[in-house]
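What follows is the residue order along each chain.
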Amino acid sequence: MMNNDEIYSRWVEIQRQRIKEWQRTNSKKKFVGERGYLHFDGKVSFKDHIDSGGHSINDLLRNGANVVKHKFLPFIRDDQRVRKFRDKNEFTPLGDMRKHSQRFPTIKNRPIMYAAHRDACIYSMYGQILHESYETQILKDGVADVALAYRRIPQKDSGSNKSNIDFANDLHRMILSYDHVGILMADMSHFFDTIDHEKLSMRWAELLGVNELPADHAAVFKSLTRFRYVFKKEVYSALALTPDQIITLFKKRNGALTSPKVYNAKISKAGLVRQNKSGRGIPQGSPISGLLANVYMHDFDLKMNEYVMARGGYYARYSDDIVVLIDESLLKEAYDFMKSLINEDKIEINDKKTDTFTFDKATGQFENGLDILGILHPFNKKQYPQYLGFIMKEDGMLVRSNTLSRRFRGKDRLNSKRWEYFKLAQHKTGSKAITRQVRKVHAKIKKQSS
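Residues numbered from 1 in each chain as written. Predicted model: local features only at pLDDT ≥ 70, side-chain atom pairs only at ≥ 80, totals over all residues. Heavy atoms only, no water.

K.L.:
Is there a simple way to think about the pairing of strand β12 (residues 396-399) in this case?
P.N.:
Along any regular strand the residues' side chains alternate between the sheet's two faces. Burial of β12 is one-sided: the residues Met397 and Val399 facing one way are buried, the residues Gly396 and Leu398 facing the other way are not. Connecting strand β11 (residues 390-393) to the antiparallel partner β12 that follows it, the hairpin turn spans two residues. (Buried < 20%, exposed > 50% of the residue type's maximum accessible area, 1.4 Å probe, protein only. Helix = DSSP H or I, 4+ residues; strand = E, 2+ residues; numbered from the N terminus. Pairing = 2+ DSSP bridges.)

K.L.:
It is not clear to me how the packing of aromatic side chains should be interpreted in this structure. Could you clarify?
P.N.:
Aromatic ring pairs are defined here through the distance separating the ring centres and the angle between the ring planes. Throughout the structure, instances matching the rule amount to 19 aromatic pairs. Here the aromatic rings of Trp204 and Phe221 are separated by 5.8 Å at their centres, their planes lie at 75°, and the arrangement is edge-to-face. Here Trp204, found in helix α8 (residues 197-208), pairs with Phe221, found in helix α9 (residues 215-225); they are 17 residues apart in sequence, far enough to count as distant. Owing to a relative accessible area of 1%, Trp204 belongs among the buried residues under this scheme. Judged by centre distance (5.9 Å) and plane angle (40°), the rings of Phe227 and Tyr229 are tilted. Like Tyr229, Phe227 is buried. Grouping aromatic residues by their ring pairs yields a cluster made of Phe72, Phe75, Tyr123, Phe227, Tyr229 and Phe231. A cation sits over an aromatic face here: Arg203 above Tyr296, 5.1 Å from the ring centre. (Phe/Tyr/Trp six-rings, centres within 6.5 Å; stacked < 30°, edge-to-face > 60°. Lys NZ or Arg CZ within 6 Å of the ring centre and 35° of its normal.)

K.L.:
Just to check I follow, could you spell out the sheet that holds strand β7 (residues 321-326) for this structure?
P.N.:
The strands making up a sheet associate through hydrogen bonds between their backbones, and the pairing can be parallel or antiparallel. Strand order in this open sheet of five strands is β6-β7-β3-β8-β9, and the pairing throughout is antiparallel. Looking along the sheet, the strands with just one partner apiece sit at the ends: β6 (314-318) and β9 (365-368). Across the sheet, the axes of successive neighbouring strands diverge by a mean angle of 20°, strand direction being ignored. In the sheet, strand β8 (residues 355-360) pairs with β9 via four bridges, with the strands oriented antiparallel. Across the sheet, the residue bridging to Asp360 is Gln365, located in β9. (Axes fitted to C-alpha atoms, helices over the stretch in contact; angles between N-to-C directions.)

K.L.:
Could you clarify how one ought to interpret the pairing of β7 in this entry?
P.N.:
Most of β7 is tucked away, with five of its six residues classed as buried. As judged from the six bridges shared by strand β3 (residues 180-187) and β7, these two strands associate in the antiparallel manner. Looking at the pairing, Ile183 lines up with Leu325 of β7. Inspection of the sheet shows β6 paired to β7 by five bridges, in the antiparallel sense. Opposite Tyr318, over in β7, you have Asp321 as the bridge partner. Counting the residues that bridge the hairpin from β6 to β7 gives two residues, and of these Ser319 lies at a positive phi of roughly 60°.

K.L.:
Is there a simple way to think about the side chain of His298 in this case?
P.N.:
Inspection of the secondary structure assignment puts His298 in helix α14 (residues 298-309). Ignoring anything within four residues of it in the chain, the contact list for His298 reads Tyr134, Gln137, Ile138, Asp141 and Val143. (Contact = heavy atoms within 4.5 Å.)

K.L.:
Is there a simple way to explain the pattern of salt bridges in this structure?
P.N.:
Side-chain pairs of opposite charge can arise whenever the charged atoms involved come near each other. In this structure the tally under the stated criterion is 19 salt bridges. The shortest N-O distance in the salt bridge between Lys232 and Asp78 comes to 3.7 Å. Taken together, the positions of Lys232 in helix α10 (residues 232-238) and Asp78 in strand β1 (residues 75-84) put the pair 154 residues apart, joining distant regions of the chain. Within this structure, Glu13, Arg16 and Asp51 form a network of salt bridges that share partners. (Salt bridge = Lys/Arg side-chain N within 4 Å of Asp/Glu carboxyl O.)

K.L.:
It is not clear to me how the packing of α8 against α9 should be interpreted in this structure. Could you clarify?
P.N.:
Between two packed helices, the angle of one axis relative to the other and the distance separating the axes together describe the packing. Relative orientation of the contacting elements α8 and α9 amounts to 150°, with a least axis distance of 12 Å. Of the possible angle classes, the one that applies to α8 and α9 is roughly antiparallel. By crossing handedness, the relation of α8 to α9 is classed as right-handed. The residues of α9 that touch α8, namely those facing His197, Leu200, Ser201, Trp204 and Leu208, are His217, Val220, Phe221, Leu224 and Thr225. Looking at the contact of α8 with α9 residue by residue, the classes come out as six nonpolar, four polar and no charged. (Parallel < 35°, antiparallel > 145°, perpendicular 65-115°, else oblique. Left-handed = near helix turned anticlockwise from the far one by under 90°. Nonpolar A, V, L, I, M, F, W, Y, C, P; charged D, E, K, R; others polar.)

K.L.:
Mind showing me how you'd approach α14 here?
P.N.:
Since one α-helical turn is 3.6 residues long, residues separated by three or four positions face the same way. A rise of 1.5 Å per residue sets the reference length of α14, with its 12 residues, at 16 Å; its end C-alpha atoms lie 16 Å apart and thus fit the reference within 8%. Looking only at α14, the buried set comprises His298, Phe300, Asp301, Met304, Asn305, Tyr307 and Val308. In the core, the buried residues of α14 are packed alongside α6 (117-140), α13 (289-296), β6, β7 and α15 (331-344). (Expected span 1.5 Å × (residues − 1).)

K.L.:
Explain the nonpolar core to me, please; I cannot follow it from the model alone.
P.N.:
The tendency in soluble globular proteins is for nonpolar side chains to be buried side by side. Membership of the largest hydrophobic core comes to 78 residues, with the highest contact counts inside it found for Trp11, Ile50 and Trp204. Top contributing element to this core by residue count: α6, with 10 residues. Every residue in contact with Trp11, bar those within four places of it in the chain, is listed here: Phe31, Val32, Ile50, Leu61, Cys121, Ser124, Met125 and Gln128. One finds Met185, Val323, Leu325 and Val438 within the second-largest nonpolar core, a separate group that totals 32 residues. (Core = buried A, V, L, I, M, F, W, Y, C linked by side-chain atoms within 4.5 Å.)

K.L.:
What am I meant to see in the packing of α6 against α13 here?
P.N.:
Orientation of α6 relative to α13, taken along the N-to-C sense of each, is 35°, at an axis distance of 10 Å. Here α6 and α13 pass one another in a crossing that is left-handed. For the pair α6 and α13, contact is made by Gly127, Leu130, His131 and Tyr134 and by Leu291, Leu292, Asn294 and Val295, respectively.

K.L.:
How do you make sense of the sheet that holds strand β10 (residues 386-387) when you look at a structure like this?
P.N.:
Sheet architecture is open: three strands sit in the order β10-β11-β12, paired in antiparallel fashion. Of all strands in the sheet, those bounded by a partner on one side alone are β10 and β12. The pairing of β11 with β12 spans four bridges and is classified as antiparallel. Bridged to Met392 within β12 is Met397.

K.L.:
Looking at this structure, how should I read the confidence of the model for the protein?
P.N.:
Low pLDDT marks stretches whose predicted atomic positions should not be read closely. With 88% of its residues at a pLDDT of at least 70, the protein reaches an overall mean of 88. Per-element mean pLDDT across the protein ranges from 51 in helix α5 (residues 100-103) up to 98 in α9. (pLDDT = per-residue confidence, 0-100.)

K.L.:
Can you help me understand unusual backbone geometry in this one?
P.N.:
Leaving glycine aside, a negative phi is the common case for residues, and trans is the common case for peptide bonds. For Tyr150, which is not glycine, the phi dihedral falls at a positive 65°. With respect to the secondary-structure elements, Tyr150 resides in the loop between α6 and α7 (164-177). Given the relative accessible area of 42%, Tyr150 is considered partly exposed. Notably, Lys346 is not glycine yet its phi reads approximately 60°, a positive angle. Looking at the secondary structure, you find Lys346 in the loop between α15 and β8.

Now the structure itself:
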């Protein structure tokens with residue numbers, strides 16, 4: 001294992017190359033310490049603080065002993081409430097009556113945690129350590145094409161990295177390549193919230209090739225498992241920040257929400273800081289959380305892939321979304337095997353979001369096969385597979401209504417930025433229906449908001 005000084009130098013070089021790449025492609029992505037949110041500490045500039053080498057953050061990152069002594073600040077939790085688009089008929093195409101929540105808009109709450117800027121740099125660097133070991137391991141185990149999310153997977157032709165559009169398009173083409181195939185799609189319930197700490201610690205150590213985590217890794221692990229957090233609304237209220245003051249802080253180059261003294265008095269001693277003591281869960285949103293999720297699921301990916309490949313099928317996982325292509329006669333067996341594996345990792349499959357289909361090239365039709373699994377959720381029966389924001393039909397792909405509606409939140413016009421994603425999707429998938437679909441859904445949303 002490299003020492004922290006070597007790791008730090010490598011991490012800085014990787015950040016330098018990524019920043020150049022973003023500048024070359026006019027990307028709005030920023031160095032991890034300069035992300036666009038306010039926290040209890042000021043932002044860490046790559047140019048002024050990291051690349052110059054003349055800032056205290058450099059000493060912290062170069063020395064594992066300093067990481068052990070470092071006091072991680074609480075995450076700031078900002079719950080994202082997303083209004084799901086709903087505009088469906090009373091009955092499904094299969095003849096089942098839909099519930100009210102399936103016909104009309106509903107609210108989905110997603111808790112996102114933001115790390116302090118200095119802490120984010122630590123997570124990013126230690127994430128780089130694990131990333132390199134993880135990539136080496138999955139390549140050795142032959143599952144480099146299985147875990148799709150939170151990784152940079154290059155396209156063979158262009159060299160650019162694949163996006164969810166590419167992954168969905170790959171799956172659609174693969175389905176259509178079979179003469180006859182069974183399709184199993186599953187979703188893990190509260191994925192990040194249910195990751196078992198003991199198992200995660202063990203798999204982290206295994207990836208490093210050690211029996212137990214070194215002290216600095218253990219300190220980072222503790223900050224991510226027994227994580228502390230505060231609610232953004234409560235913080236802003238306690239500090240009595242006005243909208244104008246918030247805007248002023250945003251404009252300051254190193255603007256922090258408050259001083260350490262005020263933080264202790266109005267946040268810490270006021271009892272606003274909460275802590276995760278459940279023995280499960282990691283904060284969703286930190287620079288290392290996605291990678292840790294993949295590390296945690298590696299054994300599952302390995303066993304599931306071996307099982308499916310031995311039966312001539314295909315397996316992939318995008319974060320908490322699982323997809324299996326396999327012979328129709330093996331769908332129930334594959335489902336039971338998947339559930340037994342996932343239970344070993346103390347994670348549950350959400351049967352309400354489980355979908356099963358069969359596809360026959362001769363007829364060019366998809367058929368819902370949820371009954372094959374013995375799952376009785378008639379209101380959840382879909383006509384076509386849905387994956388990463390797309391609907392897969394025999395004659396092409398469409399964008400899901402929820403994906404469309406999220407893109408149209410806010411202003412009422414179709415501006416170029418909102419069109420960019422759909423144009424890219426249309427180009428990559430070859431779908432001719434996306435433009436008409438966008439206009440149709442936009443008209444519905446505009447009508448509902450008027």
